[in-house]
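If you want the building blocks of each chain, they are given just below.
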Amino acid sequence: MAESRYNIHSQQEHLQSKYMGTGHADTTKHEWVTNQHRDTYTSMIGHEGLMDYVSIAENESRERTRFNLLQRMISPCGPPVKKADAE
């Protein structure tokens, strides 16, 4: 039983080191939401049907839509919120 628990834990650590979007114990809410937005934009760019849908909805060409989505990926949720230090 303990061996399978260790195996699952090591697999989870491997996935967290390999894929940034899986998060870890120290992931902040801002990092998590930023990863979700970037994953969504990447999916839209990667799937032809979604690109067509977004292009039609925004009344833009596919390449303009692709450019806009790439620009949104730079900082999709704005700068991280700075927490006040507890003194």
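Remember, predicted model here, so these are calculated numbers, not experimental data.

Enquirer: Residue-level account of the overall build of the protein chain, with values.
Expert: The number of helices and strands found in the protein chain is four helices and zero strands. Seen in sequence order, the protein chain has helices and strands lined up from the N terminus as α-α-α-α. Here the protein chain, with 87 residues, has 14% of them falling under the buried criterion. Pairs at least 24 apart in sequence give 44% of the contacts found in the protein chain among residues at least 6 apart. A total of about 7300 Å² of accessible surface is found on the protein chain, and carbon and sulfur atoms cover 56% of it.

Enquirer: I'd like a description of the nonpolar core, backed by residues and values.
Expert: Inside soluble globular proteins, nonpolar side chains tend to come together where they are buried. Y41, I45, M51, L69 and M73 together form the largest nonpolar core, which totals five residues. Non-local contacts of M73, meaning those with residues more than four positions away in its chain, are made with R38, Y41, T42 and I45.

Enquirer: How would you summarise the layout of surface pockets if you had to cite specific residues and measurements?
Expert: Approximately 200 Å³ is the volume found for the largest pocket. In terms of lining, the largest pocket is formed by T28, K29, H30, E31, C77, P79, P80, V81 and K83. Class assignment for the residues of the lining of the largest pocket results in four nonpolar, two polar and three charged.

Rules used throughout
- What you see as residue numbers is a count from 1 along each chain, following the sequence as written.
- Note on the predicted model: pLDDT of at least 70 is required for a residue's local features to be given, and 80 or more for side-chain atom pairs to be given and counted; whole-chain, interface and lining totals, by contrast, use all residues.
- Side-chain metrics in this entry use all non-hydrogen atoms of the structure; hydrogen atoms and water are not considered.
- Runs of E in the DSSP output that reach at least two residues are strands. Runs of H or I that reach at least four are helices, and both are numbered from the N terminus.
- Residue exposure (1.4 Å probe, protein chains only): buried if accessible area is under 20% of the type maximum, exposed if over 50%, otherwise partly exposed.
- Any two residues whose heavy atoms approach within 4.5 Å at even a single point are treated as in contact.
- To measure how exposed things are, a 1.4 Å probe is used in the Shrake-Rupley method; for residues, cover is taken only from the protein chains shown.
- Side-chain atoms within 4.5 Å are what join buried Ala, Val, Leu, Ile, Met, Phe, Trp, Tyr and Cys residues into a set we call a nonpolar core.
- Here a cavity denotes a set of grid points, spaced 1 Å apart and computed over the protein atoms alone, in which a 1.4 Å probe fits but from which it cannot get out, and a pocket denotes an open set meeting protein on both sides within 12 Å along at least five of seven lines; residues with an atom within 4 Å of a point are reported as lining.
- Grid points are joined across faces, edges and corners, and a volume is the space filled by probe spheres set on the points.
- Asp, Glu, Lys and Arg are counted as charged, while Ala, Val, Leu, Ile, Met, Phe, Trp, Tyr, Cys and Pro are counted as nonpolar; the rest, among them Gly, fall into the polar class.

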